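Tertiary structure, described
Chain by chain, the residues run as shown.
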Amino acid sequence: MPIFFEKKQLVTPGEMLAEGDYLPGENTYVQEGKIYAQRIGLVDADNKKVNVVALRAFYVPKMGDIIIGTVLEVGFNGWTVDIKSPYTALLRASDVLSRPFKPQNDELSAVLNAGDLIVAKIASYDRAHDPQLTVGEPGLGKITRGQILHVTPTKIPRVIGRKGSMISMIKQETGCQIILGLNGVVLVTGKTLEEEELAITAIKKIEDESHTSGLTDRITQLLKENKVKVEENKNE
Amino acid sequence: MSSLVTRVKLKQIEQLIEKGKRLDDRGLHDYRPIKIEQGLIERAEGSARVFLGKTEVLCGVKVETGEPFPDTPNDGVMTVNAELVPLASPNFEPGPPGEDSVELARVVDRGIRESHAIDTEKLCIEPGKKVFVVFVDVYVLNHDGNLIDASALAAMSALMNTKMPNYEIKDGELKMKQGYTPLPMKSHPVTVTMGKISNNLIVDPWIEEEQVMDSRISLAINEDNNICAIQKGGSGYFTPQQILEASKIAQEKSAEIRKKFNW
Amino acid sequence: MNEKTEKLIDKKGIRLDGRKADELRPLKLQVGILSNADGSAYIEHGKNKILAAAFGPREMHPKHLSQPDKMVLRCRYHMAPFSVQERKSPAPSRREVELSKVIKECLEPALFLELYPRTGVDVYIEVLQADGGTRCASITAAALAIADAGVPMRDLVVGCAAGKIDDTVVLDLYDAEDKLGAADVPVAYMPSLNAVTLLQMDGILTPDEFEKAMNMAIDGCKKIYEMQKEALKTKYMVVKEEGEE
């Protein structure tokens, strides 16, 4: 049964990847027994499943995902939030306020206003409705400090690394708190600007080189080299 | 009452077509009954009304004088406009021409213009200065499917019914005389539209079939069996083989229609 | 009658711009050149210079234009006032309205509209300089812009025209050939699926000439498709491993 690509080959939408006894995985589709790519990306086969890791894609909400979003508008009973997705998300006032909600008395903009950043979880989402958010869990809520960077959502798993090894290393070496929104928005909070910058540089490098081998070593080296510089600056 | 067709009916239409049948008992390549009347609008220089099944299109032709285009100083001018009149369908709204009416006008125009149906040289009054301008206005009065073919038939019939006023040039001035001359025609193209449903080509789609079909193709054919205009429409696609098949069907059907109406 | 006695193609089969009957004009494609668009592409095809941008999928405004069960594609084909010999009014002409419609209808078959209900994708095409065959070049660029935006596609859509000048069927007419020639057949095609998504024709052709022209245009499409894939891959080229430097 034929396969028409090499491991990690760069493919474009419409390129035929396999024929016959294979299953269509991520970013692929089947037509008349042939599997084609849907997006530009790197193709690979996992057993019988053909997957394309997209180099360019947007975030589609999934229930339970932790995301970072920007409040767009204050509405009557909640807020609309930009989560960098084709769909705008909703955060209901009742989710945020720990007591019953009275529209006349409660000033929603005092709690969250347009332009505020929040870490939230996708509480519900289906084809007919915009995603609903919740901040009712520890670690979620308004962001008050730190730096934001944007990463292609498909690269987030690489930033996390196997069993979280990559992100743990970055956190350890830079001393930063890092929240990875599955929608490709990342929050980096450190004690100093240099530490935050170092974490950001490392994450950007992972995004650029996510498909190459030896990346873990190069990131380790980058962190160690720059950590020395950061220490030197601190001591001056 | 909405004009939306129920999913059950759409499925029924699809299934019938796969068996080579249509809801109104037509064959896949049959036209609905066609009726053409001419000359019903006396104020217009030419007019015709076409019934294609229940689709009704009225076309009025007005002939005026004007200046020729600078790059064709010896040719008369023709322009085609189409109105999807709001009373023709619950989906037509009043207002400036939308993309559907612009496409309709331009497809009808193309068939007539590219086939040289009108002998535009004979519309020249004074080279470079004055020519006859033929305004073809297509007025859709009832939309029951296949506006393109009905409009093309109405436009051609109206043109064949059109009379130009006689004139003479006295002392450098244009003066109208008594009597009329029929609009000089060189060709009689017929446009045939086919829809694609479940990979079958069906001629003259009726409005409910238009909701099932994923795309349509229209070909204008002249009496020499040459193709003068083609337009694919809709969000589906055709294979090259299907297009060549459509071309053959269009040649057959246009000959039938020309024979039926003695064009 | 405008009697143009000069031949558009000579006895040796060479056209006025030096090309043979089945030769394409030179092409240049670039992807991702506009930073504010979700996806973008620029094409130079002969003297045509066209920019295409894609935004979305995103929520539609006005909301009542959105569909509950699928994504809506909107397309605007527009020519800049300075793109043609005689300045063109910036207001959309009837030709631009028709072309916007047929271009939208030729890109739709490539998209999985059911995947993102209630959203819209807007494609904007600006012709900066025109020299015949702009709708085909626009389609080639627009498809790249949509792919660059990360919208899933069945295949890239590519556009190319063929036609007849004097008595010869030729590929890729430029403006003079289109105006003075006997017929023009623009085609848009998805090569992996053997699907013709745009087909128009004006002029007069025998059925055999039409078949020849359509097939010639499809071959032209296949050649341009290879360039499209290259242009897309070039933007996302694998970064050289640092160790190799």
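Note that the structure is a prediction, hence the values are computed from the model and not measured.

**Here we look at the packing of helix α2 (residues 99-114) of chain B against helix α3 (residues 147-160) of chain B**
All names here are of chain B. One way to put it is that α2 packs onto α3 with a least axis distance of 10 Å and a crossing angle of 50 degrees. Viewed along their axes, α2 and α3 adopt a mutual orientation that is oblique. Relative to α3, α2 is oriented so that their crossing is right-handed. Mapping the contact onto sequence places Leu 104, Val 107, Val 108, Gly 111 and Ile 112 in α2 and Leu 147, Ile 148, Ser 151, Ala 152 and Ala 155 in α3. For the contact of α2 with α3, the class distribution of residues is eight nonpolar, two polar and no charged.

**Topic: the nonpolar core**
Counting 162 residues, the largest nonpolar core has Val 138 and Ala 155 of chain B together with Leu 107, Val 123, Ile 146 and Val 187 of chain C as its most contacted members. Here Val 123 of chain C is in contact with Ala 52, Ala 54, Leu 73, Cys 75, Leu 107, Ala 142, Ala 145 and Ile 146 of chain C, once residues within four sequence places are set aside. Within the second largest apolar cluster, 38 residues are counted, among which are Ala 89, Ile 167, Ile 203 and Leu 223 of chain A.

**Remarks on the interface of chain A and chain C**
The interface of chain A with chain C comprises 28 residues on the first partner and 27 residues on the second. Looking at the side of chain A that touches chain C, the elements that each hand over two or more residues are β4 (28-31) and α5 (193-209) of chain A. In terms of residue class, the side of chain A that touches chain C is built from 13 nonpolar, nine polar and six charged.

**Remarks on the interface of chain C and chain B**
Contact residues are listed per partner, giving 30 residues for chain C and 32 residues for chain B. Going through the elements one at a time, α1 (94-107), β9 (195-205) and α4 (207-235) of chain C are the ones with two or more residues in the side of chain C that touches chain B. Ranked by residue count, the leading element in the side of chain C that touches chain B is β9 of chain C, at 11 residues. Across the side of chain C that touches chain B, the residue classes break down as 15 nonpolar, eight polar and seven charged.

**Examining the domain arrangement of chain A**
Per the domain assignment, the segments making up chain A are domain 1 (9-54), domain 2 (66-143) and domain 3 (147-235). Placing the centre of domain 1 of chain A and that of domain 2 of chain A at their C-alpha centroids yields a distance of 37 Å.

**So, the arrangement of the chains**
When the two pairs of chains in contact are ranked by number of contacts, first place goes to chains B and C. The two units chain A and chain B never meet; even their closest C-alpha atoms stay 14 Å apart.

About the criteria used
- Residues numbered from 1 in each chain as written.
- Chains lettered and ligands numbered in written order.
- Predicted model: local features only at pLDDT ≥ 70, side-chain atom pairs only at ≥ 80, totals over all residues.
- Axes fitted to C-alpha atoms, helices over the stretch in contact; angles between N-to-C directions.
- Helix = DSSP H or I, 4+ residues; strand = E, 2+ residues; numbered from the N terminus.
- Parallel < 35°, antiparallel > 145°, perpendicular 65-115°, else oblique.
- Left-handed = near helix turned anticlockwise from the far one by under 90°.
- Contact = placed C-beta atoms within 7 Å.
- Nonpolar A, V, L, I, M, F, W, Y, C, P; charged D, E, K, R; others polar.
- Core = buried A, V, L, I, M, F, W, Y, C linked by C-beta atoms within 7 Å.
- Buried ≥ 20, exposed ≤ 12 C-beta atoms within 10 Å, placed from the backbone.
- Domains from an automatic or database assignment.

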